[in-house]
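In case you want the letters, here they are:
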Amino acid sequence: MKVLKFGGTSVANAAHIKQVKQIVQNLNGQNNLVVVSALGGITDLLLNTINFASNQNEAYKQSLLEIEKRHITTIKELIPVIAQSAILSKVKSELNTLEALAEGAFLIGEHTPKLTDKVLGFGELLSSYIISEFFISEGIEAHFYDSRELIKTDSSFGMAVIDFDLTYNNIKTFQKNLKKGITVLPGFIASSINGDNTTLGRGGSDYTAAVLAGGTKAEVLEIWTDVSGMYTANPKIVKQAKAIPHISYQEAMELSHFGAKVLYPPTIHPVLSKQIPIQIKNTFEPEKEGTIISSEKSTNEKAVRGLSNIDHISLLSLEGPGMIGIPGISKRFFEVLSQASISVVLITQASSEHSICVGIADKDASLAQSLVNTAFEYEISRQKINPVIVENELAIIALVGDQMKSHQGLSGKMFSTLGKNNVNIRAIAQGASERNISAVIRMDDVKKALNTLHEAFFEENIRQLNLFVTGVGNVGSRFINQIKTQKKYLKKELKINPRIIGISNSRKMYFDEEGINLENWQELLDNGEKADGQLFYKNVIALNLRNSIFVDNTANEEVAMSYNNYLKHSIAVVCCNKIACSSDITNYQELKKLSREFQTPFLFETNVGAGLPIIDTLKHLIASGDRIHKIRAVLSGSLNFVFNNFDDKTSFVEVVKRAQEEGYTEPDPKIDLSGVDVMRKILILARESGYDLDISDIRNESFLPADSLKTQNNEDFYKTLEKEEESFQELYTKALVRESKLKYVAEFENGNAKVGLEHIPKGHDFYHLEGSDNIVLFYTDRYPKQPLIIKGAGAGADVTASGIFADIIRIGNF
């Protein structure tokens, strides 16, 4: 014998019930039992009905009409017209009884748990009757049987406790007299020994089926639902979640207790003692394998089998010096909660006995706080115990697996993974069986936490990076294109999956939580909302995605000054914008401090040398114990391009304009030509070498005329360059006479820094520096005479974008 249970979504309407018929029709052999829930949404409508009626709100009549409409429509869509009359008559009779009960509650203005159970039971009674009649009309040998005659309980209305001895005796008698074919029974409902209607709790249809399976010693209990088994995590929250082919009874109990809604927690107990396997299948994809729950050992060697969560949890904390060494405090605390029927879902206590903390449902928190404070009123008045502290809107997340106890480091991996993503843990609990590690976190962090943990424990170490990109001009657009081109390679070879979630320019911004389509990102951005830096930041925080990275491709000061906000929320920052790292020393130090404090990368490789590994090399030198004595460098690809292409046949202003057009200069070329850009770069290198310098400490020997430095826009700046052409030609001629080349050189030595134009003779390392190339010479303890040299393209949108990309990959491997 098999016992099959079909949930509310499986019997939500006529079309779904027809799918159920196809599954039942394929059953072979001996007699089988089919347990069904109410039509999808009917139980909620019944609850609304009784609540409206008892509050003397005539809206209950509308709920009754909707209930009637749903059932009548279902009958007419399932049953041939010739057979509808008797079925409609029976259903309408039941609905009349329901209406009379609701009218009674309306008249007296109240309802009891007993009445509520009677009203809620109509959903399953009606659905099971209609479905059995539909099966008969389709030629299936089917019968209806009322579960209330079999399952007997106490009178704890709403969550009745089954009398298993009496129930199993009833089922044994029922089985002996079982008619051939399919027997359809309503789930969820039972009856007390006194004959009153009772219910087994929301989700109780699973429990009904399990009790019937246990009582009949069925070969299997099949739970048919709208998902293909138990998943490694809630697939509605974690898109990458996978069905678990096989899981133990104990693992399934842990997962169902902690919110895996595919299975009602008490379901496992009746079948566990009889070693009856449970198979969870998808009504709408019956060919899928689903999940088998049994005592057989799984061949899967993963220590963690699944993740689960319970939302809307409050933490109740009782603490105080008067608790230490005093017997009975915990007993009194739990008695107060028990007597008020408040269920405790998590317990943690410090070994010092100074405090005890429990997790309960949010809805019970206010009552619990009042009751506990009253119970310990004397101790609180004497300041031996503090008033109860309540924290609301929390959630429990749990790692579950039978083999967790034989694997070291799982809890460390769990907590460090959450910590890196700024998920604060409020409480921790682990049972002695080590089958479950639970943590209490903010409910707002559940999605991020589950995705982060799933990535760490189930996704073959493929790390998803969620990028928020501001600045999509020359550098930004090329960066996005590089992401698009390399996405498959990164996922396959480096196990990194970068997704661009938000983009912004100075006019518009656009977000897509599932990842922006990079084929038409420009069109999406053009149709986005108005750009707003503060709103952009708030959206990033609100999305609360794991492994978030803020990418700044601008030269905007306001954007640069926002980095601290991102770092405080454990959002990594990658930037080619030099303003932050060359700002006041206190701001620079604060950003570095925040990066360390929140274990969040703050990378700015492209601040110096575009895509060249200058800063990374410097960091490794310092980290390995080397000391920097001197730095000589040509750090402006823009100026190098300008002076490499300037001669007596070309005007200076033409070369500068060309440099800007080809993307070698900042949007304001004066920043490059004035030497300010080079000052920022040598300042950053000095700071990364361990020196506390400010921009004002750097001597700038600018070659630009005073009039050029005073201009406020590019047009005026270019006019002054045209006016001063003779002085620029004079610079070129002097270099030509000396058989040297003009290079704008940055130097740092013994704590002092300067920048300026120099004549570089033949044979010097800087002499053959072509195009927009940069070069850096590091003189250190280990490289005192022959410096460590880094040389290559130091400007241009493509190489700068590749430098940004390299920093993203560094974070992916962090």
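Residues numbered from 1 in each chain as written. Predicted model: local features only at pLDDT ≥ 70, side-chain atom pairs only at ≥ 80, totals over all residues. Heavy atoms only, no water.

Enquirer: Just to check I follow, could you spell out empty space enclosed by the protein for this structure?
Expert: The probe, sized like a water molecule, is rolled over the atoms to show the empty space still left. Scanning all chains against the criterion turns up two cavities of 30 Å³ or more. Taken together, 14 residues line the largest cavity, and the ones lying closest to its centre are Lys420, Arg463, Asn547, Ser570 and Pro601. Mapped onto the lining of the largest cavity, the elements with two or more residues apiece are strand E18 (463-470) and strand E22 (548-552). Tallied by class, the residues present in the lining of the largest cavity amount to six nonpolar, six polar and two charged. Taken as a whole, the second largest cavity encloses approximately 40 Å³ of empty space. Forming the walls of the second largest cavity are Lys447, Lys448, Asn451, Asn466, Leu543, Asn544, Leu545 and Arg546. Class assignment for the residues of the lining of the second largest cavity results in two nonpolar, three polar and three charged. (1 Å grid on protein atoms, 1.4 Å probe; cavity = no way out; pocket = protein on both sides within 12 Å on 5 of 7 lines; lining within 4 Å. Points joined across faces, edges and corners; volume = space filled by probe spheres on them. Helix = DSSP H or I, 4+ residues; strand = E, 2+ residues; numbered from the N terminus. Nonpolar A, V, L, I, M, F, W, Y, C, P; charged D, E, K, R; others polar.)

Enquirer: Would you mind going over the environment of Ile549 with me for this structure?
Expert: Locating Ile549 in the fold gives a position in strand E22. Assessed through its relative accessible area of 0%, Ile549 is described here as buried. Separated by 32 residues in the primary sequence, Ile549 and Asn517 have C-alpha atoms spaced 18 Å apart. Those residues in contact with Ile549 that lie beyond four places of it in its chain are Leu465, Asn466, Leu467, Phe468, Ile571, Ala572, Val574, Ile808 and Ile811. (Buried < 20%, exposed > 50% of the residue type's maximum accessible area, 1.4 Å probe, protein only. Contact = heavy atoms within 4.5 Å.)

Enquirer: Mind showing me how you'd approach the side chain of Arg499 here?
Expert: Looking at where Arg499 falls in the secondary structure, it is placed in strand E19 (residues 496-504). There is a polar contact of 3.2 Å between the side chain of Arg499 and the side chain of Gln464. Within the structure, Arg499 has its side chain in polar contact with the backbone oxygen of Glu513 (distance 3.3 Å). Ignoring any residue separated from it by four or fewer positions in sequence, one finds Arg499 in contact with Gln464, Leu465, Asn466, Leu467, Lys487, Glu513, Glu514, Gly515 and Leu545. (Polar contact = N/O pair within 3.5 Å; in protein donor to acceptor, adjacent residues only side chain to side chain.)

Enquirer: Before we go on, may I ask you to explain a positive patch on the surface in this structure?
Expert: Residues Lys172, Lys176, Lys217 and Lys274 make up a contiguous surface patch of positive charge. Among the secondary structure elements, Lys274 is positioned in the loop between helix H10 (268-272) and strand E10 (278-282). (Patch = residues over 30% accessible without salt bridge, like charges linked within 9 Å, V, L, I, M, F, W, Y side chains within 5 Å. Areas by Shrake-Rupley, 256 points an atom, 1.4 Å probe, with all protein chains shown as cover. Salt bridge = Lys/Arg side-chain N within 4 Å of Asp/Glu carboxyl O. Lys, Arg positive; Asp, Glu negative; His and termini not counted. Charge placed at Lys NZ, Arg CZ, Asp CG, Glu CD.)

Enquirer: Sorry if this is basic, but what is going on with the environment of Leu185 here?
Expert: Checked against the element boundaries, Leu185 lands in strand E5 (residues 182-186). The exposure class assigned to Leu185 is buried, which follows from its relative accessible area of 0%. Residues Leu185 and Glu124 lie 61 residues apart in sequence; the distance between their C-alpha atoms is 8.5 Å.

Enquirer: Please clarify how the sheet that holds E22 should be interpreted in this entry.
Expert: In a beta sheet, neighbouring strands pair by backbone hydrogen bonds and run either parallel or antiparallel. One open sheet holds the seven strands; their spatial order is E21-E20-E19-E18-E22-E23-E24, and the pairing between them is mixed. Each end of this open sheet is capped by a strand with a single partner; those strands are strand E21 (529-530) and strand E24 (602-603). In this sheet, E24 lies alongside strand E23 (residues 572-575) in parallel orientation, the contact comprising two bridges. Counterpart to Val573 in the pairing with E24 is Phe602. (Pairing = 2+ DSSP bridges.)

Enquirer: It is not clear to me how the pairing of E10 should be interpreted in this structure. Could you clarify?
Expert: Side chains on a regular strand alternate between the two faces of the sheet. With five of five residues buried, E10 is to be regarded as a mostly interior element. Across the two faces of E10 the burial is the same, with Ile278, Ile280 and Asn282 and Gln279 and Lys281 all buried. One ladder, built from five bridges, connects strand E8 (residues 220-225) with E10; its direction is parallel. Bridge pairing in E10 places Trp224 opposite Lys281. Sheet topology note: the E10/strand E11 (residues 291-294) ladder contains three bridges and is antiparallel. When the sheet's bridge partners are listed, Gln279 is paired in E11 with Ile292.

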